Amino acid sequence: MTAPAPNLLRRRTTSAPAVTGGATSGAGASLPSEILAQTCRRIYSVGVAFALLWTIPLLLFLLVAPHVDTLPMLAAQLWPMPGAAISGTGLATSILLLVVSPRLSRHPEVQLFLGSAFLVVTAFLFGLLEYWYPDLNRPQATFIGIAILAYSSIVPNEPGRTLAVGLLAATMAPLAFIITLLRGVQVDFSWFTLLLAFLPNYVCALLSTIPAKIIRQLGAQVKKARELGSYRLEELLGKGGMGEVYKASHQLLARHAAVKLIQVGAFCFKVIF
């Protein structure tokens, strides 16, 4: 039996999951590195989903609407402009997210900020569509609220940041309404109807913190599971039939070490033979 290498700490445990990096400061500080990496990869999926979502109204405004004799009131008010322009802008921002996000894979904090900015811009575009010619006497569409909930479920962040971004995105609806008033559009409204129109988006912003809190609790459990006494696992260095070797850091001493996790079955096999 070969002697263990220096600085190798052997623990009898089951195989640990691969860890892609250490704790990350900034936007995702409360998330372990592997969960943070998955979260950032989902930003690309968000770009794909919204790119497809914006393509549909763009095609309707450019190709379908000119050949339809009677359009719904909202579509008739937005065709061809500003409906096509807003949809085209939404598609362009989605494509921009698809191009830029993978290039920031080594900077998860910047990726999360980019995703949050994308949500706010998307909410503003939805607000323009919904309130270009608003009729507050009928129920308003809640595309902004849907976008807030969908994004927070796919790309969870810290609860505080999730709430702040959600509230900012919800505020895009009043901002779009103010722009409509500044354009000189006559709107029959009262403060009560405005409350009914804008409140659902803010409720969605509050609800968006629920998945963020769940992910944070799971992240805390993962962090605790990665702690081996005074050592914290950071990066997977190699793996083989006996187990896996991780780069680790001592939580009290300013030094690094290599921690080898040996599978229980493999450990017993080596002792017997």
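Preceding block: the structure.
Quick look at the structure, then. What you see is a predicted model, and the numbers here were worked out from it, not measured in a lab.

A few points about the overall build of the chain
- Looking only at helices and strands, one finds ten helices and five strands in the chain.
- The buried share of the chain, reckoned over its 273 residues, is 41%.
- In the chain, the share of contacts with a sequence separation of at least 24, taken over all contacts with a separation of at least 6, comes to 68%.
- When the accessible area of the chain is evaluated, it comes to approximately 15000 Å², of which 68% is carbon and sulfur surface.

A short note on the environment of Asn 201
- For Asn 201, the location among the structural elements is in helix H8 (residues 191–207).
- Between the C-alpha atoms of Asn 201 and Leu 149, which are 52 residues apart in sequence, the distance is 9.5 Å.
- Ignoring anything within four residues of it in the chain, the contact list for Asn 201 reads Thr 142, Ile 144, Gly 145, Ile 148, Ala 170 and Ala 173.
- A polar atom in the side chain of Asn 201 sits 3.2 Å from the backbone nitrogen of Gly 145.

Some points on helix H4 (residues 108–131)
- The first and last C-alpha atoms of H4 sit 34 Å apart over 24 residues, in line with the 34 Å expected at 1.5 Å per residue.
- Burial analysis of H4 places 17 of its 24 residues in the buried class, which makes it a mostly covered element.

As for the packing of helix H3 (residues 83–100) against H4
- In the contact formed by H3 and H4, the axes pass within 10 Å of each other and the chain directions differ by 170 degrees. One element, H3, and the other, H4, form an angle in the roughly antiparallel class. Side by side, H3 and H4 meet where Gly 83, Ile 86, Thr 89, Gly 90, Thr 93, Ser 94, Leu 97 and Val 100 of the first sit next to Leu 114, Phe 118, Val 121, Leu 125, Leu 128 and Leu 129 of the second.
- In terms of residue class, the contact of H3 with H4 is built from nine nonpolar, five polar and no charged.

Brief notes about helix H5 (residues 143–154)
- Its twelve residues place the ends of H5 16 Å apart at the C-alpha level, agreeing with the 16 Å of an ideal helix rising 1.5 Å per residue.
- Residues of H5 that are buried include every one of Ile 144, Gly 145, Ala 147, Ile 148, Tyr 151 and Ser 152, and no others. One face of H5 carries all of its buried residues, which in axial projection span an arc of 160 degrees.

Digging into a nonpolar patch on the surface
- On the surface, a cluster of nonpolar side chains totalling about 740 Å² of accessible area is made up of Phe 192, Leu 195, Leu 196, Leu 199, Val 203, Leu 207, Ile 210 and Ile 214.
- At the level of elements, H8 and helix H9 (209–225) are the ones that each hand at least two residues to the nonpolar patch.
- It is H8 that contributes the most residues to the nonpolar patch, six residues altogether.
- Note that Leu 195 resides in helix H8.

Some remarks on the environment of Leu 129
- Its location among the elements puts Leu 129 in helix H4.
- Take Leu 129: its relative accessible area is 14%, and that puts it in the buried class.
- Through-space distance from the C-alpha of Leu 129 to that of Ser 87 is 8.9 Å; in sequence the pair is 42 residues apart.

Considering the pattern of salt bridges
- This model, assessed by the stated rule, comprises one salt bridge.
- Between Arg 161 and Glu 158 there is a salt bridge; the shortest N-O distance is 3.6 Å.
- Take Arg 161: its relative accessible area is 41%, and that puts it in the partly exposed class.

What to know about the side chain of Gln 111
- Counting through the fold element by element, Gln 111 comes out in helix H4.
- Given the relative accessible area of 6%, Gln 111 is considered buried.
- A distance of 2.9 Å separates a polar atom in the side chain of Gln 111 from the backbone oxygen of Ser 101.

Re the packing of aromatic side chains
- Per the counting criterion, the structure on display carries seven aromatic pairs.
- Aromatic side chains Phe 126 and Phe 143 sit 5.9 Å apart centroid to centroid with 35 degrees between the ring planes, which places their arrangement in the tilted category. With Phe 126 in helix H4 and Phe 143 in helix H5, this residue pair connects regions lying 17 residues apart in the sequence.
- A residue is classified by how much of its surface remains accessible, and Phe 126, at 8% relative accessible area, is buried.
- Overall, the relative accessible area of 44% leaves Phe 143 in the partly exposed class.
- Relative to Phe 177, the ring of Tyr 131 lies with its centre 6.4 Å away and its plane at 80 degrees, an arrangement referred to as edge-to-face. Placement of the pair is Tyr 131 in helix H4 and Phe 177 in helix H7 (residues 172–182), with a sequence separation of 46 residues.
- Overall, Tyr 131 belongs to the buried group, its relative accessible area being 1%.

Quick word on the nonpolar core
- One finds Phe 50, Trp 54, Tyr 131, Leu 136, Phe 177 and Phe 198 to be the most contacted residues of the largest nonpolar core, which totals 43 residues.
- Taken together, the elements giving at least two residues each to this core come down to helix H1 (33–64), H3, H4, H5, helix H6 (159–170), H7 and H8.
- Per-element accounting of this core gives the leading share, ten residues, to H4.

Reading the values: the criteria
- Residues numbered from 1 in each chain as written.
- Predicted model: local features only at pLDDT ≥ 70, side-chain atom pairs only at ≥ 80, totals over all residues.
- Heavy atoms only, no water.
- Helix = DSSP H or I, 4+ residues; strand = E, 2+ residues; numbered from the N terminus.
- Buried < 20%, exposed > 50% of the residue type's maximum accessible area, 1.4 Å probe, protein only.
- Contact = heavy atoms within 4.5 Å.
- Areas by Shrake-Rupley, 256 points an atom, 1.4 Å probe, with all protein chains shown as cover.
- Polar contact = N/O pair within 3.5 Å; in protein donor to acceptor, adjacent residues only side chain to side chain.
- Expected span 1.5 Å × (residues − 1).
- Axes fitted to C-alpha atoms, helices over the stretch in contact; angles between N-to-C directions.
- Parallel < 35°, antiparallel > 145°, perpendicular 65-115°, else oblique.
- Nonpolar A, V, L, I, M, F, W, Y, C, P; charged D, E, K, R; others polar.
- Arc of directions from axis to C-beta.
- Patch = residues over 30% accessible without salt bridge, like charges linked within 9 Å, V, L, I, M, F, W, Y side chains within 5 Å.
- Salt bridge = Lys/Arg side-chain N within 4 Å of Asp/Glu carboxyl O.
- Phe/Tyr/Trp six-rings, centres within 6.5 Å; stacked < 30°, edge-to-face > 60°.
- Core = buried A, V, L, I, M, F, W, Y, C linked by side-chain atoms within 4.5 Å.

Keep in mind these numbers describe shape, not what the thing actually does.
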